[in-house]
Structures are given as structure tokens and as C-alpha cells.
Amino acid sequence: MIRHLLSGADLDAATATQILDTAAEMATVAGREVKKLPALRGRTVVNLFYEDSTRTRISFEAAAKRLSADVINFSAKGSSVAKGESLKDTALTLQAMGADAVVVRHPASGAPHRLANWVDGSVVNAGDGTHEHPTQALLDAYTMRSRLGRIAGLHVAVVGDVLHSRVARSNVLLLSTLGAKVTLVGPPTLIPVDIPQALAPGTDVSYDLDTVLPGVDVVMMLRVQRERMNDSYFPSAREYARRYGLDGPRMRRLPEHAIVMHPGPMNRGMEITPEVADSPRSTIVEQVANGVSVRMAVLYLLLGGNNR
Amino acid sequence: MAYPPAAHPSPPRQPSVKVILAAADVSRVVDRIAHQILEKTQGAADTVLLGIPTRGVPLAKRLAARISTFEDVTVPVGVLDITLYRDDLRRHATRAVGPTDLPSDGIDGKRVILVDDVLFSGRTVRAALDALSDVGRPASVQLAVLVDRGHRQLPIRADYVGKNIPTALAESVKVTLAETDGADEVKLYGGASA
């Protein structure tokens, strides 16, 4: 059993499938009157967030609480980090407080890997810079499996700002482990040249969304991350929306069964139009609900037993 | 201080295996429990059978099938996974969670009969009672087991017992069922005496 979840590559097919199966059981708890399980009673989970986040932090908090763990929320604003404390000193403080798991989001790629060497507890990467976001990939895989019944053999198009997207990286790794084929679609400036093949052989790249759409089972739209853009990667937002935005006519070119995903938060009108986002093909709200179940499964598998 | 040497060196201890119930016995025992349930529950009215995985589940299904043969009543059968309620989670590597599958009418106000293969320490049943209170509020809870081997560590007893097997702590009881293991049998392993 793995001790940390830092990357989509930490999971082999069997472990990933076990997490998805466990998540399916955890999902039934959401429908019960008593939405609580005693599995992590007396364990402490620290949410260490150096970057703004709504859904991921709330999702991890809900997941830990449904498993009866104690949750300590830490955000860089209003903490000693504002006074200049280093990540290592913060980690040692958490260690001294007896954190069994640290869920970390950090603007620097690789921060969770460093953290994992400093603390005794499990570290879960909740997004590091432009690197990885493995629980998002797991919840995306869970959503695909519950909508389409399988993952192996699916053709998934990941569309948009791949360069800055940790969601894309983790998804490429996990989906190829689980036997799906991924095609990355976006403007050449937003797709790293060598990364797709390095992440997972068999990953395709296309710069033309319209030719890819008719052959896919899943379209995953990525958010255009304006806050990460110091340079102009495309001439204008309108041009981006016209070439790579998913609108009604494009959606109708998809196969009948295909679903539309988005990790959120959306820029409506930029990479996705409201017509698509609110259509029955869109799984965006489902993804949020599934996020809690998947994170419960991850926390249970990391903390539930004696895995030291 | 040493014990006096044995008169002749004893042969290495072979783990002994003793068949307690053969296939025909298991089926007779299940029939008897089904009759007892009908008798004690006034014809299995408002009764739900919940099997505890792994082997409690096929046992619960068999009991329901026998009850419907004897009296022509249909007893809802469900599955209650207790993994997340165990008190020994932290002593082992993470256990896989199985499905919990309750009858569509739920268990509120019903007489729930928990079904398991072996009653030993009582800790599984304790976990099942906790799990039960999180999924509903039954009117009453009873317990049916194929084998009671004693050595309780909690104040728990069974309402329906297929077979009482007096055991030593070092011994182990293994139930196999056709549905899960290919054949019906109850065996007692271990102990020095054959």
C-alpha cells in the first residue's frame, strides 16, 4: 500500500482501481441519514493550503470529516507564513502537532515531494504549481467510469491550457495507466513539445479541436489560467474561444454518448459556453460530488490501516 | 528449572484437522435455523436478513430461500459490510471496503437478523451493530450464526446457533460454503490432539 499520494504515477492500475471501487462505497454514505463513518476516528488531517482553493479544500475537509478524522485547516494568509516562515519550519510544526496526514496545495511544483521527506505522516498532493493534482485525476476517472461504465479503451481529449495544467498532467498519467487513450488539444503555445510522450507513450497531440471531436468519448476542458500567464500565449480571448472553446455546435459534433468534463472553476464564454456547461452531457457538478467520495477513499487507503 | 525429559521423543506436532459438519449437516443446520426463525418471529413478519461478508451473505440468502420454501413468505435479504466499523483497522494493512446493500424497503422499524458464519470474540457483531445504527433504526436486532466457538470478549450472544463447538483458543474454525469456496464444510484446525 502506498504511503503518500504525490503523483498520478504513484498509482498502478490495481491500486487506482481499488481507490475507485472504495470511492463507490464511500459514495453511498452521502445518501444516508448519518453521513459519517468511524474509520479514521482519532486521526488528524491537516489541510495546508498555500494557494486559494474552494472546491478542493472543502472537498478534502468534507471527506476527512465524514471519516471522523479531526481536521485542521491552514491557509498561508493570516499564518506565520505571512511573517516569512519556510515550508520546512511549517512542516516541522505540523509534525510536532501530530498530523497523521497533510493535504498540501502549493504554488511551487514539487513542494509536496519535499514535504514528504520532512513529515512522518502521509502527504497528499492537492495541486502543486503546474505539476500535478492526482486526486482530481482520480475523481475524473471515477466520473468517467460511473457515466460510461469503463475507462480502458476510452478516448479522452484534454483541451486547452495543457502547459499550465496540473490536472492535465495527472490525468494523462492516470488515464494511460488505466488503459485510456489521451489526445491533448490546444494552441501550440500551450502544449509543451516533449512532455506528452515523456508522461505516457501513446499520448497524441492535436492543434485542431474540430477534427478530434467526432472520435472521442470524453472531452475534458481545461481552465485558461490567466493568473499564470505572464506572456501572451494566444492573440486574444475571443480568438481562443473561437478555436478551442466548446460551444453548442461543437458539442453536437461529439458522438451520442460522449461526456463533457471541466475541473472548475470555469471561465464561461472562454473555454466553455453556458449552453454546454449546463447541458446533460456536462458532468461538472457530478465531478464535485464525486470529489468527496474519491478523497474519502484516498484518505482511508492512506490512513485506514497500519501501513507503516 | 527443566521439565523431566520425555520417555521417548515426541513426533513433530501435526496440525490436526477435524470435520465438524459435512455438507449434509450444514444443510440440515440451515434448515433448522430457518425453522427457528419462523417460530421465533411469528412467520418472519417484518423481518430482514442481513448477511455479514463474506460468508454471512450466502448463509442469509440460503436462510431466506429455506424460509420461503417452508412458509411461502419472502424475507428481504441484504448485505452489511462492517469493514469501516472494525476496531482493529489500525492493526492491519488497509482493508478493502466491500459493498453494503440494504433491501429497498430499508430496515427502519424492522426486525433485523444479522447472519454470520462463526461467532467468536463478538467484535464483528459489535461492529455490525454500530454499522446498523448508522444506516437505520431497526425495531430489534437478532443474531444467527452457523457456528458458535465460544471465547467471547464482549457481552454478545446469538439468538440462533447452528452448532456449538467447544474450542481451545489455539484452534481455529473454518467454514467453507459452496457459493464462496466450492463446498459446504465446517472444519476445526489445530490443537495437538488428533
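Just so we're clear, the structure is a prediction, and the values are computed from it rather than from any experiment.

1. Overview of the overall build of chain A
Within chain A, the regular secondary structure consists of 12 helices and nine strands. Compactness check: chain A gives a C-alpha radius of gyration of 19 Å against a globular reference of 19 Å for 308 residues, within 12% of the reference. Projected onto its principal axes, the C-alpha coordinates of chain A cover approximately 55 × 45 × 35 Å. When the 308 residues of chain A are sorted by exposure, 48% land in the buried category. Contacts in chain A between residues at least 24 apart in sequence constitute 76% of all its contacts with a sequence separation of at least 6.

2. Considering the overall build of chain B
Along the backbone of chain B there are four helices and eight strands. Starting at the N terminus and walking to the C terminus, you meet the elements of chain B as β-α-β-α-β-β-α-β-β-β-α-β. Overall size of chain B, expressed as C-alpha extent along the three principal axes, is 65 × 40 × 30 Å. Burial status across chain B gives 37% buried among its 194 residues. Within chain B, contacts between residues at least 6 apart in sequence are counted, and of these 68% link residues at least 24 apart.

3. Concerning the pairing of strand E5 (residues 155-159) of chain A
Residue and element names in this part refer to chain A. Most of E5 sits inside the fold, with four of its five residues counted as buried. Since E5 and strand E6 (residues 181-185) lie parallel, the crossover through helix H6 (residues 166-177) that links them has a hand, and here it is right-handed. The pairing of E5 with strand E8 (residues 218-221) spans four bridges and is classified as parallel. Pairing of Val159 across the sheet is with Met221, part of E8.

4. Some words on the packing of helix H1 (residues 13-29) of chain A against helix H5 (residues 134-148) of chain A
All names here are of chain A. Close contact between H1 and H5 brings their axes to 10 Å; oriented N to C, the two are set at 70°. In terms of axis orientation, H1 runs roughly perpendicular to H5. Crossing of H1 over H5 shows right-handed handedness. Along its contact with H1, which presents Ile19, Leu20 and Ala23, the element H5 presents Leu138, Ala141, Tyr142 and Arg145.

5. Some words on the sheet that holds strand E1 (residues 44-49) of chain A
Residues and elements named next belong to chain A. Strand order in the open sheet formed by four strands is E2-E1-E3-E4, and the pairing between neighbours is parallel. The open sheet terminates on both sides in strands that have one partner only, identified here as strand E2 (70-75) and strand E4 (122-128). The mean inter-strand angle of the sheet, taken between neighbouring strand axes irrespective of direction, is 15°. When strand E3 (residues 101-106) meets E4, the two strands line up parallel, connected through five bridges. Its bridge partner lying in E4, Val102 is registered against Val123. Across the sheet, helix H2 (residues 55-66) lies against E1, E2, E3 and E4, angled at about 175° from E1, the strand it touches most.

6. Topic: the nonpolar core
With 143 residues, the main nonpolar core has Val102(A), Val158(A), Val219(A), Leu299(A) and Leu63(B) as its most contacted residues. Here this core takes 10 residues from helix H12 (residues 284-303) of chain A, the largest share from any one element. Residues from two domains meet in this core; each of domain 1 (8-131 + 288-303) and domain 2 (134-283) of chain A gives at least three.

7. Topic: the environment of Ala127(B)
All names here are of chain B. Looking at the secondary structure, you find Ala127 in helix H3 (residues 123-135). Note on Ala127: 22 C-beta atoms within 10 Å, which makes it buried. Note: C-alpha distance between Ala127 and Arg157 (30 residues apart in sequence) is 14 Å. Apart from residues no more than four positions distant in its own chain, Ala127 is found in contact with Ile82, Tyr85, Arg86 and Asp87.

Rules used in this analysis
Residues numbered from 1 in each chain as written. Chains lettered and ligands numbered in written order. Predicted model: local features only at pLDDT ≥ 70, side-chain atom pairs only at ≥ 80, totals over all residues. Helix = DSSP H or I, 4+ residues; strand = E, 2+ residues; numbered from the N terminus. Rg over C-alpha atoms; globule rule 2.2 N^0.38 Å. Buried ≥ 20, exposed ≤ 12 C-beta atoms within 10 Å, placed from the backbone. Contact = placed C-beta atoms within 7 Å. Right-handed = clockwise from strand over helix to strand, strands pointing away. Pairing = 2+ DSSP bridges. Axes fitted to C-alpha atoms, helices over the stretch in contact; angles between N-to-C directions. Parallel < 35°, antiparallel > 145°, perpendicular 65-115°, else oblique. Left-handed = near helix turned anticlockwise from the far one by under 90°. Core = buried A, V, L, I, M, F, W, Y, C linked by C-beta atoms within 7 Å. Domains from an automatic or database assignment.

In short, the description is geometric, and any link to function would need to be established separately.
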